[in-house]
Amino acid sequence: MKIIHISAECYPIAKVGGLADVVGALPKYQNRGEITSQVIMPFYNNRYTQEHRFKSIYKGTLNLGTESFKFKILILENENLGFELYLVDIPELLFTDYVYSENDTKRFISFQIAALDWILQNKQLPDIIHCHDHHTGLISFLMSHANKYKKLKDTPSVFTIHNAQYQGWFSHDNIELIPSFPLSHIGLLDWDNNINPLATAIKCSWRVTTVSPSYMEELKVKANGLESLINSETQKCVGILNGIDTKVWDPELDDMIEAKYGFEDCDSGKHVSKIWLCEEFGLNSEKPLFVFIGRLVEEKGADLFYEVFDKALKNLDISILLLGSGNKMVEQQMKKLTSKYPKMYNAFIGYDEALSHKMYAGADYLLMPSRVEPCGLNQMYSLRYGTIPIVNKIGGLKDTVVDISEGGFGFLHTENTVKGIFNSIKRATQFYSDSSKIKETRKTIMQIDHSWDESAQQYINLYKSLNQYS
Ligand code: ADP
């Protein structure tokens, strides 16, 4: 069975967030026995593509309205990612030093057309096309209704919603960018008088998945305007919890951290990374270290950070270290706190993969007061590295963290306010004074299995159930 994943991100080639981690791992875990799982993504101009060699295997031309663009399909040379990777190279539109920008309509429509053009001319058509997020949301529509892709009409399509906040909508004025189709189907593209790729994917894909069971339930009442659509399509929707790539995220093998460790020697191992972090960022290593890693956006609760951190640093004997970027006002606030609380607080504004690994390893607690968290990977990475998560009880966080008061291993709050988050930090600070409980909890959480094996199999079962009808 041949599966093709189509995505705007894939680790390690281009990563903005969790989407890349999932698309870089899931195919690896699916590629067993009779399953061949491949990935198609755009060819961006970034460090990874500059430092690796690629070979062109196909050349084509695509039309976007009245314009036409030459494109190539590239493959990676001399590197085994655990799956076959194909990159769509459209120099004028996709070869940028960013993944996303303010106006991506043309960029991602061209990506979807090139990917389908290439799939279509291959001798062996895929058995399943699995698309991820709104950047690939038009594909199931094009496969079912565009005149030029008729050959793909009976190929089952699966669409995964990693984040329903972003829907990629654009005006009907751009309709000419979409390859021709019988106009009677225009309603499938529309939601609230715009063309909405996420809504289109939900309508047209054979199956729709979300990245955790709880997020699937939440979307029925909170989906950034798509609630009624989710409810009407619910019979084809299912929540499958993401896994983590335990080959990349393994403190016993991780070259990015200061000292490798397993659950037996986690205290000493974590201590080495904590000392490194505290020296690097001028913090006191005697105190419990709380970290945040992620995008500084409202979804992650970042607009509350200034007040929460200020209150926590004023009232509790702790250190806080933040790694992230996003909203400019929040970035300013996060920098401002460094002068207010020297030796207690610091922030690295930017993106740094290696630093994130060191923080998962060296921290005592990971903060994740997200308002929206479809799955969340950070809490699973932190568990794997023996760092206790402090989370808001929603989405995937609810599915993966159990409160310490219920015999679990983390701190959850249901009121995601300054007060609610502060109370969780306070409880965690009190918990820190009992070193034997901390040690025991670290050992327990490091042994929780969140590897992809189980979830990858759930996807395969889903593909097989569809394939019998194609
Ligand atoms: P989202 O996809 O909503 O951003 P996830 O929890 O699903 O959130 O995934 C976030 C991923 O991005 C994790 O691998 C996290 O470590 C990484 N990440 C986020 N921000 C940064 C940053 N500034 N530097 C390094 N890694 C980051």
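Definitions and limits used
- Starting from 1, residues in each chain are numbered consecutively following that chain's sequence as written.
- Residue-level local features of this predicted model are given only where pLDDT is at least 70; pairs of side-chain atoms are given and counted only at 80 or more, and the full residue set underlies all totals for whole chains, interfaces and linings.
- In computing side-chain values, all of the structure's heavy atoms are included and hydrogens and water are not.
- Any two cysteine sulfur atoms within 2.5 Å of one another count as a disulfide.
- Counting from the N terminus, the helices are DSSP H or I runs at least four residues long and the strands are E runs at least two residues long.
- The rule is simple: take the accessible area with a 1.4 Å probe, protein chains only, and divide by the maximum for that residue type; under 20% is buried, over 50% is exposed, in between is partly exposed.
- We call a set of buried Ala, Val, Leu, Ile, Met, Phe, Trp, Tyr and Cys residues a nonpolar core when their side-chain atoms join them within 4.5 Å.
- The contact criterion used is simple: two residues touch if any of their non-hydrogen atoms lie within 4.5 Å.
- Annotation comment: domain bounds sourced from an automatic or database domain assignment.
- A quick way to say it: buried area is the sum, across both parts, of accessible area lost when two parts are put together, with a 1.4 Å probe.
- By definition here, a salt bridge exists when the distance from a side-chain nitrogen of Lys or Arg to a carboxyl oxygen of Asp or Glu is within 4 Å.
- Within 3.5 Å is the distance limit for a polar contact, defined as a pair of N or O atoms, with the added protein rule that one can donate a hydrogen and the other accept it, and that residues adjacent in sequence qualify only through two side-chain atoms.
- In this classification, Asp, Glu, Lys and Arg are treated as charged, Ala, Val, Leu, Ile, Met, Phe, Trp, Tyr, Cys and Pro as nonpolar, and every other residue, Gly included, as polar.
- Paired strands are those between which DSSP finds at least two bridges.
- Fitting a line to C-alpha atoms yields each axis, with helices limited to the stretch in contact; the angle taken between N-to-C directions then spans 0 to 180 degrees.

Using the criterion set out here, one finds zero disulfides in the structure. Left without a disulfide partner, C204 is nearest to the cysteine sulfur of C131, which lies 11 Å away.

At the junction of Y11 and P12, the peptide bond is cis and its omega measures out at 5° in the coordinates. Despite not being glycine, N78 shows a phi value in the positive range, around 55°. Backbone geometry at D133 places phi at a positive 60°, although glycine is not the residue there. Along the chain, D133 falls in the loop between β6 (128–132) and α4 (139–145). Judged by its relative accessible area of 7%, D133 is buried.

With that settled, consider the nonpolar core. One finds F290, F309, L322, M334, Y345, Y365 and I425 to be the most contacted residues of the largest nonpolar core, which totals 86 residues. Here L322 is in contact with F292, L296, F305, F309, M334, Y345, N346, A347, F348, I349 and M359, once residues within four sequence places are set aside. One finds F83, I90, F181 and C237 within the second-largest nonpolar core, a separate group that totals 77 residues.

The next subject is the domain arrangement of the protein. Here the domain parsing of the protein yields domain 1 (2–243 + 453–467) and domain 2 (266–449). In this structure, domain 1 and domain 2 have C-alpha centres spaced 33 Å apart. Contact residues are listed per partner, giving 20 residues for domain 1 and 17 residues for domain 2. Of the roughly 1,400 Å² buried where domain 1 meets domain 2, counting both sides, 53% is carbon and sulfur surface. Taking the shortest distance from any N to any O, the salt bridge between K15 and E353 comes out at 3.4 Å. Counting every contact that joins domain 1 to domain 2 gives nine residue pairs in polar contact (both at pLDDT 80 or more). Counting only elements with at least two residues in the side of domain 1 that touches domain 2, the list comes to α1 (18–30) and α6 (213–219). A per-element tally of the side of domain 1 that touches domain 2 places α6 first, with four residues. Taken together, the residues that form the side of domain 1 that touches domain 2 break down as eight nonpolar, eight polar and four charged.

The next point concerns the environment of E280. Here E280 shows up in helix α8 (residues 266–281). Measuring from C-alpha to C-alpha, the distance between E280 and L188 comes to 53 Å, with 92 residues separating the pair along the chain.

Below, the discussion takes up the sheet that holds strand β12 (residues 289–296). Spatially, six strands are ordered β14-β13-β12-β15-β16-β17 in an open sheet, and the strand pairing comes out parallel. In the strand order of this sheet, the two ends are held by β14 (345–349) and β17 (411–413), each with one partner. On average, each strand axis in the sheet is tilted by 15° relative to the strand beside it, whichever way the strands run. Both strand β16 (residues 388–392) and β17 contribute to a ladder of three bridges, which runs parallel. By the bridge assignment, N392 is partnered in β17 with H413. Running over the sheet, α8 touches β12, β13 (319–326) and β14 and is turned about 70° from β12. Helix-sheet contacts for helix α14 (residues 418–432) involve β12, β15 (365–368), β16 and β17, and the interaxial angle to β17 is about 160°.

What follows deals with the sheet that holds strand β5 (residues 84–89). With respect to topology, nine strands assemble into an open sheet ordered β3-β4-β5-β2-β1-β6-β7-β10-β11, the strand pairing being mixed. Each of the sheet's edge strands pairs with one partner strand only, and the pair in question is β3 (54–64) and β11 (237–239). Across the sheet, the mean angle from the axis of one strand to that of its neighbour is 25°, orientation sign disregarded. Note: β6 against strand β7 (residues 157–161), four bridges, orientation parallel. Paired with H130 across the two strands is V158, which belongs to β7. Along the sheet, helix α5 (residues 197–204) makes contact with β7 and β10 (207–210), crossing β7 at roughly 135°.

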